[in-house]
Amino acid sequence: MAVFIINEWLWADSSGENGRRARRRALDLIEALGKSNHQIAVIVGSAFDQKAWACCKSEDTLTMSLAKAFVTTIRQSSARCRLIAPEDAVDLPDHLALAIKPDDHYLVQAQLSVPGAVLVTTDAPLRGHVSGAGLPCWAPEDFLREYF
C-alpha cells in the first residue's frame, strides 16, 4: 500500500478545465484509487479539500458526479483517505518553506506528516524542490502508469 498527496490538478481535470482527455484521467484515477489498497492524505480545509467540495456543488453534472464519487469512495473512507487536521500537519523545514510557493506549503506538509507518502503534482518547479529534498514526487502520468 502506498499513500499519495495529490494536488489540485485532479479538480482542474475533473471540471473539464484541462480538456476531455484530462477529465477521463480524473475519472480513471478516482475509480482506480477507490478499488485499490492505496490511500491519499488530505489536510482538512486545504486548497485541495476546498476544491473537492466546490466541485461537489458544481452546476456541471459531470464535474459534480466526479467529485461526489471521489468524496464517497475515497475521502469518506478511512481505508482510502487519511485526514490530517491542520494543527497536526508537520511544519516545513526552513529551506523548503523558502523554496516552495506558499500556496503549495500544505502539500509538502501533508507529505511530511505521512512518512513515505508520494506527492503527485503537475507543478514541475515543485517536483524539483521536493525531489531535491529527497522526497518522492511524481508527475500524474508517471503516477498513473506506475500504480494503476
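Residue positions are counted from 1 within each chain, in the order its sequence is given. Selection of residues for local features in this predicted model requires a pLDDT of at least 70, selection of side-chain atom pairs for listing and counting requires 80 or more, and totals for whole chains, interfaces and linings are taken over all residues. No hydrogens and no water enter the side-chain calculation; it runs on all heavy atoms of the structure.

K.L.:
Mind showing me how you'd approach the packing of helix α2 (residues 20–35) against helix α4 (residues 61–75) here?
P.N.:
The angle between the axes and the distance between the axes are what describe a pair of packed helices. As a packed pair, α2 and α4 sit with axes 9 Å apart at the nearest point and diverge in direction by 20 degrees. Classified by the interaxial angle, the pair formed by α2 and α4 is roughly parallel. Two packed elements cross with a definite hand, and for α2 against α4 that hand is left-handed. Here Arg23, Leu27, Ile30, Leu33 and Gly34 of α2 come into contact with α4, specifically with Leu62, Thr63, Leu66, Ala69, Phe70, Thr73 and Ile74. For this classification, the nonpolar set comprises Ala, Val, Leu, Ile, Met, Phe, Trp, Tyr, Cys and Pro, the charged set comprises Asp, Glu, Lys and Arg, and every other residue, Gly included, is treated as polar. For the contact of α2 with α4, the class distribution of residues is 8 nonpolar, 3 polar and 1 charged. Think of each axis as a best-fit line through the C-alpha atoms, taken over the contacting stretch in the case of a helix, with angles from 0 to 180 degrees between the N-to-C directions. Labels follow the DSSP assignment, with helices taken as runs of H or I lasting at least four residues and strands as runs of E lasting at least two, numbered in each case from the N terminus. The labels follow the angle: roughly parallel below 35 degrees, roughly antiparallel above 145, roughly perpendicular from 65 to 115, and oblique for the rest. Take the far helix as your reference; a near helix turned counterclockwise from it by less than a right angle gives a left-handed crossing, and one turned clockwise gives a right-handed crossing. In this analysis, two residues are considered to be in contact whenever any of their non-hydrogen atoms come within 4.5 Å of each other.

K.L.:
Which parts of the structure should I look at to understand the pattern of salt bridges?
P.N.:
Working definition: two side chains of opposite charge can pair if their charged atoms are close together. A pair is scored as a salt bridge if a Lys or Arg side-chain nitrogen falls within 4 Å of a carboxyl oxygen belonging to Asp or Glu. On inspection of all chains with the given rule, the structure shows 9 salt bridges. Here Arg25 and Asp13 are joined by a salt bridge, their closest N and O atoms 2.6 Å apart. Of this pair, Arg25 sits in helix α2 while Asp13 sits in helix α1 (residues 9–14), placing them 12 residues apart in sequence. Working definition: with a 1.4 Å probe on protein chains only, accessible area under 20% of the residue-type maximum means buried, over 50% means exposed, and in between means partly exposed. The class for Arg25 is buried, based on a relative accessible area of 16%.

K.L.:
Just to check I follow, could you spell out empty space enclosed by the protein for this structure?
P.N.:
A water-sized probe rolled over the atoms picks out the places where empty space is left. Put simply, the grid is 1 Å and covers the protein atoms alone, a cavity is a trapped set of points that fit a 1.4 Å probe, a pocket is an open set with protein on both sides within 12 Å along at least five of seven lines, and lining residues have an atom within 4 Å of a point. Grid points are joined across faces, edges and corners, and a volume is the space filled by probe spheres set on the points. One pass over the full model with this rule turns up 1 cavity of 30 Å³ or more. Reported here for the largest cavity is a volume of approximately 60 Å³. Where the lining of the largest cavity is concerned, the elements lending two or more residues are β1 (3–6), β2 (39–43) and α6 (105–113). Per element, the largest residue contribution to the lining of the largest cavity is 4 residues, and it comes from β2. Partitioning the lining of the largest cavity into residue classes produces 10 nonpolar, 1 polar and no charged.

K.L.:
What should I look at first to understand helix α8 (residues 140–147) in this one?
P.N.:
The periodicity of an α-helix, 3.6 residues per turn, causes residues three or four places apart in sequence to face the same way. Within α8, the full set of buried residues consists of Pro140, Phe143 and Leu144. Down the axis of α8, the buried side of the element spans an arc of 95 degrees, and every buried residue falls inside it. Away from its buried face, by an angle of more than 90 degrees, α8 presents the exposed residues Arg145 and Glu146. It is the directions from the helix axis to the C-beta atoms that the arc portrays.

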